[in-house]
Each structure stands twice: as structure tokens, then as C-alpha cells.
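Residues per chain are reported as follows:
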Amino acid sequence: MDVSDLLIEAYDRLPDLVRAAVDGLTPEQLHRAPGPGANTIGWLIWHLTRVQDDHVADLMDTDQIWASGDWAGRFGLTADPSDTGYGHSPAQVAAVRPESAQALIDYYEAVSGRTRQFLAGLRPADLDRVVDEAWDPPVTLGVRLVSVAEDDLQHVGQASYVRGLIGAD
């Protein structure tokens, strides 16, 4: 199997999982935490999308989708490209307020489409390119892509679990 086809297969599973996690939920349900200080469904899906947007934009040496249009406004936030949700306090989690489930789906689909386009052009040798020397060992493109997919899959699973906890099913 071609490396780009393998990565596309993995990443192409995410849009349906994102949709299933948020479909039919109200803004109030997206913002409801299952307990004090816990992450909300809206924050989890926003965060996984922000991480993918940030990391893939960096790999492509281009601007994040978040920084274009009114994505931030649809989430009650400012268009700060450095804010991916990493290390958010409970107050910062609570500040992420998607206007609707569709806002989460639309943003994820925009990011996912660009990611798919990037993956389609990959060749096996590309995966060995070092993309982040801040780690020991340095992070390669292949490792970064696996890391993003793993993070996204974890968070979409958490969002689905929270959906059940808040009684949205």
C-alpha cells in the first residue's frame, strides 16, 4: 500500500467520527461539561481540529485555516493562531462556545480537506524529513502525522463518551 493512501485511510475516518460526536447537539449540549473542570464536547472537537490545522499548516508552510474567514467568531473566540487549546484552564475551556454543531463540522471539514490534499502528495521518503528539532530525537514528518491522527482519534472518542455522559443520546 502506498504511504499516502495509508495515511488518507486513517485521516478519512475522522470526519464521520466528528459528525457522529456532534450531530444534533444544541449549543448548550456542546458547552455542557460532564463534571467540574472537565472538557466539553465543543472544546474537544474544536481542539482536535485546531491541532490538526496548526500542525498541518506548519508542515505545509502555510497559514492556518483558523486565521481566515470568521472561524474564530463562530466559536466566540479571537483568531489567535497560537491558541490550539493545549494547556487550557477550565475557564479557557469554558470560553470555547461553538455557535452550533455545524460550526464544528464545517471547520473540521475545511481542515480535513486540506490535510487530505497534503497527504495525497506524500512519498515514502518525505516521511523521514525532520520537521521539529525541539525534541530528542527530532520529530519527523511521519511521526508528526501519526501523532496528530492519534491525538484526533483520542479526542473524538472522548467527545463521543462525553455525549453519552451528558445524556445526549
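Above: the structure in question.
The structure displayed is predicted, hence computed values, not measured ones.

Time to look at the overall build of the chain. A tally of regular secondary structure across the chain gives seven helices and two strands. Seen in sequence order, the chain has helices and strands lined up from the N terminus as α-α-α-α-α-α-β-β-α. Its C-alpha radius of gyration of 16 Å places the chain within 12% of the 15 Å reference for a compact globule of 169 residues. On the principal axes, the C-alpha backbone points of the chain span a range of 45 × 30 × 30 Å. Long-range pairs, those at least 24 residues apart, make up 71% of the contacts in the chain with a sequence separation of at least 6. By element, 52% of the accessible surface of the chain is carried by carbon and sulfur atoms, the whole surface being about 8,400 Å². Charge-centre separation for the chain: the mean point of 12 positive side chains lies 5 Å from the mean point of 27 negative side chains.

This brings us to the packing of helix α4 (residues 41–60) against helix α7 (residues 141–165). Where α4 contacts α7, the two axes come as close as 8 Å, and the packing angle between them is 170°. On the basis of the axis angle, α4 is roughly antiparallel to α7. Facing α4, whose interface residues are Ile41, Leu44, Ile45, His47, Leu48, Val51, Gln52, His55 and Leu59, α7 presents Leu141, Arg144, Leu145, Val148, Asp151, Asp152, His155, Val156, Gln158, Ala159, Val162 and Arg163. Looking at the contact of α4 with α7 residue by residue, the classes come out as twelve nonpolar, five polar and four charged.

Another point: the pattern of salt bridges. Taken as a whole and judged by the stated rule, the model has nine salt bridges. Ionic pairing is found between Arg13 and Glu9, a salt bridge with its closest N-O pair at 2.8 Å. You can call Arg13 exposed: its relative accessible area is 52%. The salt bridge involving Glu109 is made with Arg19; its shortest N-O contact spans 2.7 Å. Here the residue Glu109 occupies a position in helix α6 (residues 101–120), and Arg19 occupies one in helix α2 (residues 14–22), the gap between them amounting to 90 residues. When its relative accessible area of 30% is taken as the criterion, Arg19 is described as partly exposed.

Checked against the element boundaries, Asp132 lands in strand β1 (residues 130–132). At 3.2 Å, the side chain of Asp132 and the side chain of Trp135 are in polar contact. When sequence neighbours within four positions are dropped, the list of residues in contact with Asp132 reads Pro138, Val139 and Arg144.

Procedures and definitions
Each chain has its residues counted from 1, following the order in which its sequence is written. It should be noted that, the model being predicted, local features are given only for residues of pLDDT at least 70 and side-chain atom pairs only at 80 or more, the latter also being counted only at that level, while totals for whole chains, interfaces and linings use all residues. Side-chain metrics in this entry use all non-hydrogen atoms of the structure; hydrogen atoms and water are not considered. Numbered from the N terminus, helices here are DSSP runs of H or I no shorter than four residues, and strands are runs of E no shorter than two. Only the C-alpha atoms count toward the radius of gyration. The rule for a globule is 2.2 Å times the residue count to the power 0.38. By definition, residues are in contact when any of their heavy atoms lie within 4.5 Å. Method for areas: the Shrake-Rupley scheme with a 1.4 Å probe, in which residue coverage is limited to the protein chains shown. We count Lys and Arg on the positive side and Asp and Glu on the negative side, and we leave His and both chain ends out. To locate a charge, take NZ of a lysine, CZ of an arginine, CG of an aspartate or CD of a glutamate. Only the stretch in contact is used when fitting a helix axis, every axis being a line fitted to C-alpha atoms; angles between N-to-C directions are given from 0 to 180 degrees. For classification, angles of less than 35 degrees are called roughly parallel, those exceeding 145 degrees roughly antiparallel, those between 65 and 115 degrees roughly perpendicular, and all remaining angles oblique. Residues are grouped as follows: Ala, Val, Leu, Ile, Met, Phe, Trp, Tyr, Cys and Pro are nonpolar; Asp, Glu, Lys and Arg are charged; every other residue, Gly included, is polar. Here, a salt bridge means any side-chain nitrogen of Lys or Arg that lies within 4 Å of a carboxyl oxygen of Asp or Glu. When a residue's accessible area, from a 1.4 Å probe over protein chains only, is under 20% of the maximum for its type it is buried; when over 50% it is exposed; and in between it is partly exposed. Counted as a polar contact is a pair of N or O atoms within 3.5 Å, where, for protein atoms, one must be capable of donating a hydrogen and the other of accepting one, and residues adjacent in sequence contribute only when both atoms are in side chains.

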